[in-house]
Structure formats: structure tokens, C-alpha cells
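Spelled out from the first residue to the last, the chains are:
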Amino acid sequence: MELDPVSRLIVISNRVSAPTGSHSGAQGGLAVALASALREYKGIWFGWSGDRADSFTGDIHFERSDGVTTATIDLEDQDVDEYYNGYANRTLWPLFHYRVDLAEYEREYAGGYRRVNERFAETVYPLIEDGDAIWIQDYHMFPLGDELRKRGCGNRIGFFLHIPWPPRRLMSILPEAQALARSLFAYDVIGFHIDEWLQSFCDFAEQELGAVRDGEDLVLDGRRVRVMAVPIGIDVQEFVDLAAGTKARLAYRQMRDSATGRDMIVGVDRLDYSKGLEERFLGYERFLTEHPEERKEVFLLQIAPPSREAVGSYQKIRRTLEELSGRINGEYADIDWVPIRYVNQGYSRDVLAGIYRAAKIGLVTPLRDGMNLVAKEYVAAQDPEDPGVLILSRFAGAATQLTDALLVNPYSAEEMSDAIIRALRMSRTERIDRWRKMMAAIEQQDISWWLDTFTSALMEREPVPA
Ligand code: ADQ
């Protein structure tokens, strides 16, 4: 632990999910990571409750559970529409995942985003004490550090981006690109998952704002920011233990029984267009066409709980996938075999661990992904004596660490088909060899490493003089 024992860590993110103390909740990657991280420190996790109020009050609800104090506020309808469903998920998310075609630019969205960040700053500022370190998470909160500085906050403030930072030319499409990037110079440290996202940010800051590189820092108008690549990890031991637990063993047996001797390929993703599900189904279909002899030997289990359902592009991808899985099943299924089992619900982490372990192949093929924790969870859940094979998109941040996966271009149905047949035919010796190297990589840079590396860098910075 690198924090001074008297200082607290205040984590701020859009959503806060109180740790349940069990492993039953289906939570997003960020939530799971932060809950494990905060248990190690004393501090507060501040954010939106996920609930709506008739009008914004700024009332804070405190809760203490499983060693973590959470402080949440409700937002009003207009905030949720413009900030969350608007700027965050209709504008920034698609653009930052290279989906210029899906990004929407509305002044009301940008206005709502700014208003909510001001509201966050106004509400959290009185909770901050001298010596606290503040760590702001993700694209919902880019300007929050700047808003806190405007209110006189001199504490150390760090920011971590969980999604990619787009290349300069793409970023320039955003009407507020310059102001938004400039506001990031309020931070002391900015973390990205991988060097590629970091370099894209530096490129934008240097070329568009006139910032200057100085070693590991970027300097603009006298403000010095440390930029670093720190890939987020998982709690590997937790996952290994989960996979060996009763619920996981039960789920494993159920999957094995229902597979009736066939090999299972598994995909587990939030239902999001960035996860490349359509392309994955098409790649799997290509495999079925090219290898008719394998048809009844395998099946694909795709678990994809819906997310962000208020946003049109998410309703559309859901319809597209229903049609596509229906068409493929209609075309290839037989009385005793269905090629795709497509399931739209979440599962608890222990059940997921059992499912991962039962799968001969983990198919993780996002078109673009900041990191992707499912890839790491799949690896951690495997049987060391008989591990499955990970097929991973080269456009996921995780591909920089999991170089012993079968890396594929998710846009290429042919590459995906080739990788599937290669994985099915891979010898146990090669599977073990690849798995060991991937396991070593995720153990070395696990969730504690991520937390310690970032917070150490933050604590090395001097607080801003009042
Ligand atoms: P996400 O886009 O949510 O995270 P990911 O990193 O894969 O993507 O995390 C998903 C998490 O949700 C995993 O822990 C997974 O187990 C869980 N999950 C997914 N489907 C589930 C289901 N059906 N049931 C239960 N749990 C399910 C964002 C970025 C990523 C980045 C993370 C963390 O988009 O690139 O890796 O933040 O920084």
C-alpha cells in the first residue's frame, strides 16, 4: 500500500455499486475492479446512485458495506437524459470506440454533461479533506477535476480512462474536443490502459493544444501532468477460488452435461456494438460453412445481457443479433443440435467462472475495447491441467498483455474461422504452454498492481499550492 496511512482515497465514478459481500451480483468491469480496490484503503466511493429525483437536491446517501463507504446522489430526469444517455453514451462512447457513424452531437447533451459535472463537484467538494487523494474514473467525468480546481481544491487529483482515447483526427470531430482535452490538465496524473491510447492523447494535446512532452509529463500553460499506461487487471486469486467453489463446479457440470460431449465456445459481453457480436456470429457462421465436419461437434454459447437500453443504437444491435442468431440457427440447426445458444441475461461471477472453465474456447472479439476483463477472467478460470484456448481481438487493450492468445482481426470472418479450427485442434501441450504464459501475465499485473501503480504515481506529485 503506497498511500500515506492518514490520507484517504476518494474515488469518484458515474455509478457506484456497493459491494455485496458475496459474488452474486452481475456487475460491470469497472465496478468489480473498484470494489476490490477500495477494500484495501480507507476512503469513500462517490457517484450517482442510478436513481432519479424530481429535481436535483444534492443530498448524499452514505452507506457502509463490506469495508467500503459509498456516497451517492440522485440525478433528475433531464440530467440522466442529457448527461448519461446523451453525451456519455450517445456522443463520447461511440466516438471513443471509433464509431463516428453512431455518435450524436447535440448542444443539450454537452450542456447537460457540464451541468452534471458541476453538480458532482459542488456536492463532493465539502467531503474532501486536506491530504485526501482523489481519483476520478472514466469518460463520464472528464471535466470534474477542473471543476474541483475552480472551487479551490488543491488536493492531488488523478484520472483514469477505462476506454480507448481515439486518434487525433477522430477526436477532432467532437465539437468540444479542445475544451475537453484542455480540462484534463487540471489533473496530476492521467492513466490509460495501454500505450496506444496514451500516445493518441499526447498527440492530440501536442498538435491541437500546443502541449509539450517533458519525460513522462505533458506540460500546458504551466500545468504539468504525468501521463501513464497502467492496464487494469482482475483479482486473479478470487477468480481461481471462485472457479474451484461449489457454485462454479455445479455450473461447470451443468454445462458439460448439456453439451453432451460437444465442445463449447463461449462469449460473455455486455450487449454493446463495440463488443463485435455481429461480426463474431458471422465469423462462427463462416467456420460452420468451411468445416461442415465440425458442425455437430461444437456450439457457441453467447451470454449478452442488455445494457443502455434507452439508447437507440443499443436497441438496434439487440434486434440485429436476434435476427442473426435466428437466421444462423434456422439455417444450420438439426433436430439434435443448435449451433448458437444466445442468452440475454447476467449471471453471478461464480456461475460465470464455471461456464468459462467448461468452455474449450473463449471467444473475445471486440471491435475496440479499452482493456476487456472477460478475457482475463476466462484465463483465470481454466483448469491448469486441461485449459481452454483464448481467441482474442487484436483491438482489445488486453491483446498487448495476452500475446499468447490466438489474436485475430475481429472484422475478418476468415481469421475467426481459422482461429476456431486451430483452437479445436490444438494439442494439450500447446494449450498448457500458452495458458501458463497468459496466467503469468495476469498474475503479474493484477488488480492490486493496477491500484498500487496508479496511486503511487499520484502520491509522488506535490499537492497544488492554494
Ligand atoms: P466493460 O465494457 O463493461 O468495461 P469488460 O472489461 O469486459 O467490459 O468487463 C465486463 C465485466 O462484466 C466483467 O467483469 C464480466 O464478468 C461482467 N459481465 C459481462 N457479462 C456478464 C454477464 N452476462 N453476467 C455477469 N457478468 C457479466 C469497461 C471497458 C473495458 C475495461 C473495463 C475496466 O469498456 O474495456 O476493461 O471497463 O476498465
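Residues numbered from 1 in each chain as written. Predicted model: local features only at pLDDT ≥ 70, side-chain atom pairs only at ≥ 80, totals over all residues. Heavy atoms only, no water.

(A) Broad picture of the environment of Ile194. Examined against the element boundaries, Ile194 turns out to sit in the loop between β7 (189-192) and α7 (195-209). On the basis of relative accessibility, which here comes to 6%, the residue Ile194 falls in the buried class. Expressed as a C-alpha distance, the spacing of Ile194 and Met416, which sit 222 residues apart in the sequence, is 24 Å. Those residues in contact with Ile194, other than ones at most four positions away along the chain, are Ala229, Met371, Gly397 and Thr400. (Helix = DSSP H or I, 4+ residues; strand = E, 2+ residues; numbered from the N terminus. Buried < 20%, exposed > 50% of the residue type's maximum accessible area, 1.4 Å probe, protein only. Contact = heavy atoms within 4.5 Å.)

(B) Highlighting the sheet that holds β7. On the basis of which strands lie adjacent, the open sheet formed by ten strands has the order β3-β4-β2-β1-β5-β6-β7-β10-β9-β8 and mixed pairing. Either end of the sheet is taken by a strand with one partner, and the two such strands are β3 (61-65) and β8 (212-214). On average, each strand axis in the sheet is inclined to that of its neighbour by 25°, with strand direction left out of account. Note: strand β1 (residues 9-15) against strand β2 (residues 43-53), five bridges, orientation parallel. Residue pairing in the sheet places Ile12 in a bridge with Phe46 of β2. (Pairing = 2+ DSSP bridges. Axes fitted to C-alpha atoms, helices over the stretch in contact; angles between N-to-C directions.)

(C) Structural view of helix α14 (residues 413-425). Its 13 residues place the ends of α14 19 Å apart at the C-alpha level, agreeing with the 18 Å of an ideal helix rising 1.5 Å per residue. Among the residues of α14, Ala413, Met416, Ser417, Ala419, Ile420, Ile421, Ala423 and Leu424 are the ones counted as buried. The inward-facing, buried residues of α14 abut β11 (263-268), α10 (277-290), β12 (298-303), β14 (361-364), β15 (389-393) and β16 (406-408). (Expected span 1.5 Å × (residues − 1).)

(D) Seen up close, the domain arrangement of the chain. Domain parsing of the chain yields domain 1 (9-233 + 447-460) and domain 2 (236-444). A C-alpha centroid distance of 30 Å is found between domain 1 and domain 2. Opposite the 28 residues of domain 1 that make contact, domain 2 presents 28 residues. Carbon and sulfur atoms make up 63% of the surface buried where domain 1 meets domain 2, a total of about 2200 Å² over both sides. On the surface where domain 1 and domain 2 come into contact, there are one salt bridge. Among the ionic pairs, Glu196 bridges to Arg368, the shortest N-O distance being 4.0 Å. On inspection of domain 1 and its partner domain 2, the count reaches six residue pairs in polar contact (both at pLDDT 80 or more). For the side of domain 1 that touches domain 2, the secondary-structure elements that each account for two or more residues are α1 (29-39), α2 (77-96) and α7. (Domains from an automatic or database assignment. Buried area = accessible area lost by both parts, 1.4 Å probe. Salt bridge = Lys/Arg side-chain N within 4 Å of Asp/Glu carboxyl O. Polar contact = N/O pair within 3.5 Å; in protein donor to acceptor, adjacent residues only side chain to side chain.)

(E) Highlighting the sheet that holds β11. Strands sit in the order β13-β12-β11-β14-β15-β16 across an open sheet of six strands; the sheet is parallel. In this open sheet, the two strands that pair with only one neighbour each are β13 (340-343) and β16. Averaged over all adjacent pairs, the angle separating strand axes in this sheet is 20°, with direction ignored. Of the strand pairs in this sheet, β15 and β16 are connected by three bridges, and their pairing is parallel. Residue pairing for β16: Ile391 is matched across the bridge by Leu406.

(F) Here's a closer look at the packing of helix α9 (residues 246-259) against helix α12 (residues 349-358). Remark: α9 packs on α12, axes separated minimally by 7 Å, with the N-to-C direction vectors making an angle of 45°. Taken together, the axis directions place α9 and α12 in an arrangement best described as oblique. Once α9 is placed against α12, the crossing between them reads as right-handed. Residue-level contacts link Lys247, Ala248, Ala251, Tyr252, Met255 and Arg256 of α9 to Asp350, Val351, Ala353, Gly354, Ile355, Arg357 and Ala358 of α12. When its residues are assigned to classes, the contact of α9 with α12 shows eight nonpolar, one polar and four charged. (Parallel < 35°, antiparallel > 145°, perpendicular 65-115°, else oblique. Left-handed = near helix turned anticlockwise from the far one by under 90°. Nonpolar A, V, L, I, M, F, W, Y, C, P; charged D, E, K, R; others polar.)

(G) View of the environment of Gly67. Locating Gly67 in the fold gives a position in the loop between β3 and β4 (68-76). Here the alpha-carbon distance between Gly67 and Leu38, two residues 29 residues apart in the chain, equals 8.2 Å.

(H) View of the packing of aromatic side chains. Summed over all chains, the structure comprises 23 aromatic pairs. Between Phe160 and Phe454 the ring centres are 6.3 Å apart and the planes differ by 80°, which places this aromatic pair in the edge-to-face class. You can see Phe160 sitting in strand β6 (residues 156-160) and its partner Phe454 sitting in helix α16 (residues 447-459), a full 294 residues away along the chain. Here Phe160 and Phe454 have matching classes, each one buried. Ring pairing ties together the aromatic residues Phe96, Phe142, Phe159, Trp165, Phe185, Tyr187, Phe192 and Phe201, which thus form one cluster. Over the aromatic face of Phe299 sits the side chain of Arg341, whose NZ or CZ is 4.1 Å from the ring centroid. Note that Arg368 overlies the ring of Phe395, its terminal NZ or CZ placed 4.8 Å from the centroid. (Phe/Tyr/Trp six-rings, centres within 6.5 Å; stacked < 30°, edge-to-face > 60°. Lys NZ or Arg CZ within 6 Å of the ring centre and 35° of its normal.)

(I) The side chain of Arg262, seen in detail. Its place among the elements puts Arg262 in the loop between α9 and β11. Asp336 provides the closest opposite charge to the buried, salt-bridge-free Arg262, at an N-O distance of 4.4 Å. Engagement of the side chain of Arg262 in a polar contact is seen with the backbone oxygen of Asp336, the distance being 3.3 Å. Discounting chain neighbours no more than four positions away, the residues touching Arg262 are Lys296, Glu297, Val298, Phe299, Asp336 and Trp337. (Lys, Arg positive; Asp, Glu negative; His and termini not counted.)

(J) Quick peek at the pairing of β2. Across the eleven residues that make up β2, a large majority, eight, are buried. Note: β2 against β4, seven bridges, orientation parallel. Bridging across to β4, Trp45 finds its partner in Thr70.

(K) Up close: the site of the ligand. In the vicinity of the ligand, 27 residues are found, and the nearest of them are His162, Tyr347, Asp369, Met371 and Glu377. At 2.6 Å, a side-chain N or O of His162 approaches an oxygen atom of the ligand. In this structure, an oxygen atom belonging to the ligand sits 2.9 Å away from a side-chain N or O atom of Arg270. Contributions of two or more residues to the shell around the ligand are made by α12 and α13 (373-380). Class assignment for the residues of the shell around the ligand results in twelve nonpolar, nine polar and six charged. Counting only domains with at least three residues in the shell around the ligand, you end up with domain 1 (9-233 + 447-460) and domain 2 (236-444). (Near = heavy atom within 4 Å.)

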